[in-house]
Amino acid sequence: MLTQEVLEEVRELKRDCIVLAHNYQIPEIQQVADFVGDSLGLCRAAQRIDKPYILFCGVDFMAESAALLNPDKTVLMPDLEAHCPMAAQLPAKLVREAKEEHPDAAVVLYINTRLEARAEADVLCTSANAVRIVRSLPEKKIIFGPDVNLAWHVQRHVRDKELIPVPERGHCITHLLFKPEHVKRAREEHPEAEVLIHPECTPEVQLLADHICSTEQMVRRAKESSAREFIVGTEVGLVHRLRRELPEKRFYPLYEGAICRTMKMNTWEKFMKQLRERRNAVRIDPEIAERAMLSLQRMLELSA
Ligand code: 13P
Ligand code: SF4
């Protein structure tokens, strides 16, 4: 729990700075953030910034998206080394090779991708809008990366297109920790609970879900559903947000050990240091920025 004194200090320091935080951030950061959400919500929030500084609490690809959308502002991160391991699995070279092999395909990349690769994409997507984005394209063949599990989820809902995963086995190491046994055990322990599963989980786990959702869609589902209990199949940070916003309902993490080490690199101490000192500015090569911006803008237009 943050003291009144700390909250007052944060309020003073935030006069010229907006704090954006992903749903997996530690509870203290979520508590003082101006906006907490999923990857898509954070992009949309980054389009409406009216202060010169953004302190982005998440991982590299999210802060880079905010920087692309705000070239005249300074985007800071608590830790500039918070690189998403999934994004590192798709070098731009692999996308270029796939394009050569399938010249008639559109390239849809999950936003969890480095800028060099994004510069090769026609459009980005997040877990919240991937099905909609792929459906909206005229091409029948879709090069899709880096998450093979999200690709499986999209293919399941878009039968008239062929998805070509690049790389073949890209994945999130945190969501790979969930196993079908976790779902079976959780259902036995909480038979009344709805099971919410993130599409970064394996197909075996997704098949056992009641709903497949992005992190923000999980919050919305928990608010709208008449169910009183939920099993949450994503990183445990989201459980804090659900319990804070819906204290009258019960939330059980599908697996307590599902912790994204990269997201948790943003400690409270590092957060406060950047709020005070503002040194960790995200820098983007202007040449890549121009091309990477196109795929991001197209995603925002298609999911408006
Ligand atoms: P969303 O919050 O967009 O569902 O993404 C989850 C995730 O793993 C982000 O890195
Ligand atoms: Fe990357 Fe997975 Fe962590 Fe999200 S949860 S930042 S996809 S490693």
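For the structure, see preceding data.
The text that follows walks through the structure, step by step, so that each part is easy to find. (Residues numbered from 1 in each chain as written. Chains lettered and ligands numbered in written order. Predicted model: local features only at pLDDT ≥ 70, side-chain atom pairs only at ≥ 80, totals over all residues. Heavy atoms only, no water.)

**Here we look at the site of ligand 2**
The immediate surroundings of ligand 2 are formed by Tyr-24, Val-59, Cys-84, Pro-85, Asn-112, Cys-172, Glu-200, Cys-260 and Met-263. Classifying every residue of the shell around ligand 2 by side-chain character gives 7 nonpolar, 1 polar and 1 charged. (Near = heavy atom within 4 Å. Nonpolar A, V, L, I, M, F, W, Y, C, P; charged D, E, K, R; others polar.)

**Let's talk about a positive patch on the surface**
A cluster of basic residues, Arg-44, Arg-48, Arg-132 and Arg-220, forms a positive patch at the surface. Tracing the sequence through the fold places Arg-132 in helix H7 (residues 130–136). With relative accessibility at 47%, the residue Arg-132 sits in the partly exposed group. (Patch = residues over 30% accessible without salt bridge, like charges linked within 9 Å, V, L, I, M, F, W, Y side chains within 5 Å. Areas by Shrake-Rupley, 256 points an atom, 1.4 Å probe, with all protein chains shown as cover. Salt bridge = Lys/Arg side-chain N within 4 Å of Asp/Glu carboxyl O. Lys, Arg positive; Asp, Glu negative; His and termini not counted. Charge placed at Lys NZ, Arg CZ, Asp CG, Glu CD. Helix = DSSP H or I, 4+ residues; strand = E, 2+ residues; numbered from the N terminus. Buried < 20%, exposed > 50% of the residue type's maximum accessible area, 1.4 Å probe, protein only.)

**Observations regarding the sheet that holds strand S12 (residues 250–253)**
One open sheet accounts for 4 strands, arranged S10-S9-S11-S12; its pairing is parallel. For this open sheet the edge positions go to strand S10 (211–212) and S12, each flanked by a neighbour on one side alone. Both strand S9 (residues 194–197) and S10 contribute to a ladder of 2 bridges, which runs parallel. Note on S10: the bridge partner recorded for Ile-197 is Ile-212. Packing of helix H12 (residues 237–245) onto the sheet brings it into contact with strand S11 (229–233) and S12, and relative to S12 it is tilted by some 175 degrees. (Pairing = 2+ DSSP bridges. Contact = heavy atoms within 4.5 Å. Axes fitted to C-alpha atoms, helices over the stretch in contact; angles between N-to-C directions.)

**Observations regarding the packing of aromatic side chains**
Summed over all chains, the structure comprises 2 aromatic pairs. When the centroid spacing of 5.4 Å and the interplanar angle of 15 degrees are considered together, the rings of Phe-230 and Phe-251 count as stacked. Here the residue Phe-230 occupies a position in strand S11, and Phe-251 occupies one in strand S12, the gap between them amounting to 21 residues. For the pair shown, Phe-230 and Phe-251 are each scored as buried. (Phe/Tyr/Trp six-rings, centres within 6.5 Å; stacked < 30°, edge-to-face > 60°.)

**Structural notes on the site of ligand 1**
Taken together, 13 residues sit near ligand 1, with His-22, Ser-39, Ser-127, His-198 and Thr-215 positioned nearest. Separating an oxygen atom of ligand 1 from a side-chain N or O atom of Ser-39 is a distance of 2.8 Å. A distance of 2.7 Å is found between an oxygen atom of ligand 1 and a side-chain nitrogen or oxygen belonging to His-198. Of the residues that constitute the shell around ligand 1, the class distribution is 4 nonpolar, 7 polar and 2 charged. (Polar contact = N/O pair within 3.5 Å; in protein donor to acceptor, adjacent residues only side chain to side chain.)

**A closer look at the pattern of salt bridges**
Following the criterion strictly, the structure yields 22 salt bridges and no others. A salt bridge links Lys-73 to Asp-72; its shortest N-O distance comes to 3.8 Å. The partner of Lys-273 in a salt bridge is Glu-277, with the nearest N and O atoms 3.1 Å apart. Within this pair, Lys-273 and its partner Glu-277 are both found in helix H13 (residues 268–277), separated by 4 residues, close to a single helical turn.

**A word on the environment of Ser-295**
With respect to the element layout, Ser-295 can be found in helix H14 (residues 286–302). Here the alpha-carbon distance between Ser-295 and Ala-119, two residues 176 residues apart in the chain, equals 7.2 Å. Not counting chain neighbours up to four residues away, the residues in contact with Ser-295 comprise Arg-118, Ala-121, Asp-122, Val-123 and Leu-124.

**Focus on the packing of helix H4 (residues 60–69) against H14**
Following both chains from N to C, one finds H4 and H14 inclined at 95 degrees, their axes separated by 10 Å at the closest point. Classified by the angle their axes make, H4 and H14 are roughly perpendicular. Contact residues: H4 offers Ser-65, Leu-68 and Leu-69, while H14 offers Ala-289, Ala-292, Met-293, Leu-296 and Leu-300. The residue makeup of the contact of H4 with H14, split by class, is 7 nonpolar, 1 polar and no charged. (Parallel < 35°, antiparallel > 145°, perpendicular 65-115°, else oblique.)

**Re the pairing of S9**
With burial as the criterion, each face of S9 is covered, one bearing Glu-194 and Leu-196 and the other bearing Val-195 and Ile-197. Examined bridge by bridge, S9 and S11 share 4 bridges and lie parallel to one another. Each residue of the ladder has a partner; that of Ile-197, found in S11, is Gly-233.

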